[in-house]
Amino acid sequence: MILVTVGTHPQGFERLVRAADELAARLEEEMVIQYGSSSYLPRFAARSFDFTSSEEMKRLMKQARIIISHAAAGTIITALLLEKPLILVPRSKKYKESLDDHQIQLTSILHDENRAIKILDPQIETLSNAIRIIPELSIQPRKPNSLLFYIRQKLIDWEKR
Amino acid sequence: MKICLVCSHGGHFTETLQILEAFAGHDIFFATYYSSRSKDVEQIARAYFTENIGYHVVRMIKAFFWAFLILWKEKPQVIVSLGSEIAVPFFYWGWLLRIHTIYIESWCRVETLSLTGKLVYPVAEVFLVQWQQLLKACGKKARYVGAVI
């Protein structure tokens with residue numbers, strides 16, 4: 001199953017939802033689309049809905065073979081922890097999908113680090129190409145967490161005072 | 001130590017979950033927004049909830065009163081937040097009330113600081129970013145010591 005998710009943003013993400021739905025019409029694999037606030041309603045996906053509980057979303061993410069998502073930290077972290085192949089389509093300010101372009105920057109760095117595939121222009125072709133090259137993508141598990149160590153140390157320092 | 005974890009719902013809460021281990025052995029509580037995951041928050045620790053502030057000025061002013069009451073009641077020694085705007089009142093009170101503060105800019109910020117990051121920077125005791133390249137956009141106080149993932 002391929003899961004497409006655009007999160008709980010108040011803005012829609014028509015470009016991704018439309019392209020994914022059009023791709024669903026051509027794919028044999030089942031596609032589930034969470035379309036959030038988008039005005040385009042999927043017609044070809046096996047299942048689609050606007051919002052659901054976080055438990056259900058996690059269950060779908062576990063079940064999915066590939067996750068196609070907007071570039072929001074919550075979904076990306078969950079996908080990386082589950083070690084799922086991830087295709088990221090960042091929201092763009094230009095199309096009024098986001099207030100700024102920080103999702104584009106996050107997508108680019110994760111693409112460069114080989115942790116996700118970046119698609120700036122979601123179309124049937126670009127999405128299906130990404131799905132095709134997924135097996136070649138090496139997903140890196142978590143990096144050693146020096147942040148935790150730093151915080152723990154800081155708390156110890158403060159406690160001593 | 002008593003630690004106040006401040007976060008909005010969604011991704012910021014997910015990020016906060018990744019650093020919970022760092023607080024093992026400490027007494028933690030949450031200040032966050034009402035959401036579909038409110039129950040998840042309460043399963044981890046006691047929690048205080050308020051409505052989503054967003055860019056709403058009146059709600060932000062109300063949040064300053066709300067935050068003060070929580071800090072007065074709980075008297076935490078440390079405030080920690082990974083965003084978003086709900087952190088603003090807590091960090092300003094923390095600065096005035098001399099409570100230790102750690103602000104960690106969200107993992108989703110690679111090259112530019114969030115508005116919350118900019119607002120909190122002057123008053124945060126420890127200001128961390130999760131990407132090396134973001135240091136260029138910050139003052140001298142900011143440090144990069146790793147990321148949640």
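Just so you know, these numbers come straight off a predicted model, no measurement behind them. (Residues numbered from 1 in each chain as written. Chains lettered and ligands numbered in written order. Predicted model: local features only at pLDDT ≥ 70, side-chain atom pairs only at ≥ 80, totals over all residues.)

Trainee: What is the right way to read the packing of helix H1 (residues 14-24) of chain A against helix H5 (residues 124-133) of chain A from this model?
Mentor: Think of two packed helices as two axes; the pair is described by the angle between the axes and how far apart they sit. Residues and elements named next belong to chain A. Interhelical geometry of H1 versus H5 gives an angle of 70° and a closest axis separation of 9 Å. One element, H1, and the other, H5, form an angle in the roughly perpendicular class. In this structure, H1 crosses over H5, and the sense of that crossing is right-handed. Side by side, H1 and H5 meet where Ala19, Ala20, Glu22 and Leu23 of the first sit next to Ile124, Leu127 and Ser128 of the second. Residue classes in the contact of H1 with H5 are distributed as five nonpolar, one polar and one charged. (Axes fitted to C-alpha atoms, helices over the stretch in contact; angles between N-to-C directions. Helix = DSSP H or I, 4+ residues; strand = E, 2+ residues; numbered from the N terminus. Parallel < 35°, antiparallel > 145°, perpendicular 65-115°, else oblique. Left-handed = near helix turned anticlockwise from the far one by under 90°. Contact = placed C-beta atoms within 7 Å. Nonpolar A, V, L, I, M, F, W, Y, C, P; charged D, E, K, R; others polar.)

Trainee: For this particular structure, what's the right way to read the interface of chain A and chain B?
Mentor: Put simply, an interface is often sized by how much accessible area is lost when its parts join up. Counting from both sides, the interface comprises 26 residues of chain A and, opposite them, 31 residues of chain B. Secondary structure elements with two or more residues in the side of chain A that touches chain B: helix H3 (73-81), helix H4 (102-112) and helix H6 (146-160) of chain A. Taken together, the residues that form the side of chain A that touches chain B break down as 12 nonpolar, nine polar and five charged.

Trainee: Would you take a moment to explain the environment of Ile66 of chain A for this structure?
Mentor: All names here are of chain A. As for its position among the elements, Ile66 is in strand S4 (residues 66-69). Judged by local crowding, Ile66 falls into the partly exposed class, with 19 C-beta atoms found within 10 Å. Note: C-alpha distance between Ile66 and Ala79 (13 residues apart in sequence) is 9.4 Å. With residues up to four places along the chain from it excluded, the contact list for Ile66 reads Ile2, Pro85, Ile87, Ile131 and Ile134. (Buried ≥ 20, exposed ≤ 12 C-beta atoms within 10 Å, placed from the backbone.)

Trainee: Would you explain the environment of Leu3 of chain A in this entry?
Mentor: All names here are of chain A. In this fold, Leu3 is placed in strand S1 (residues 2-5). The spacing of Leu3 and Leu86 is 83 residues in sequence and 9.9 Å in space, taken between C-alpha atoms. Leu3 has contacts with Val32, Leu60, Met61, Ala64 and Ile67, leaving out every residue within four places of it along the chain.

Any functional reading would require information that these geometric values do not contain.
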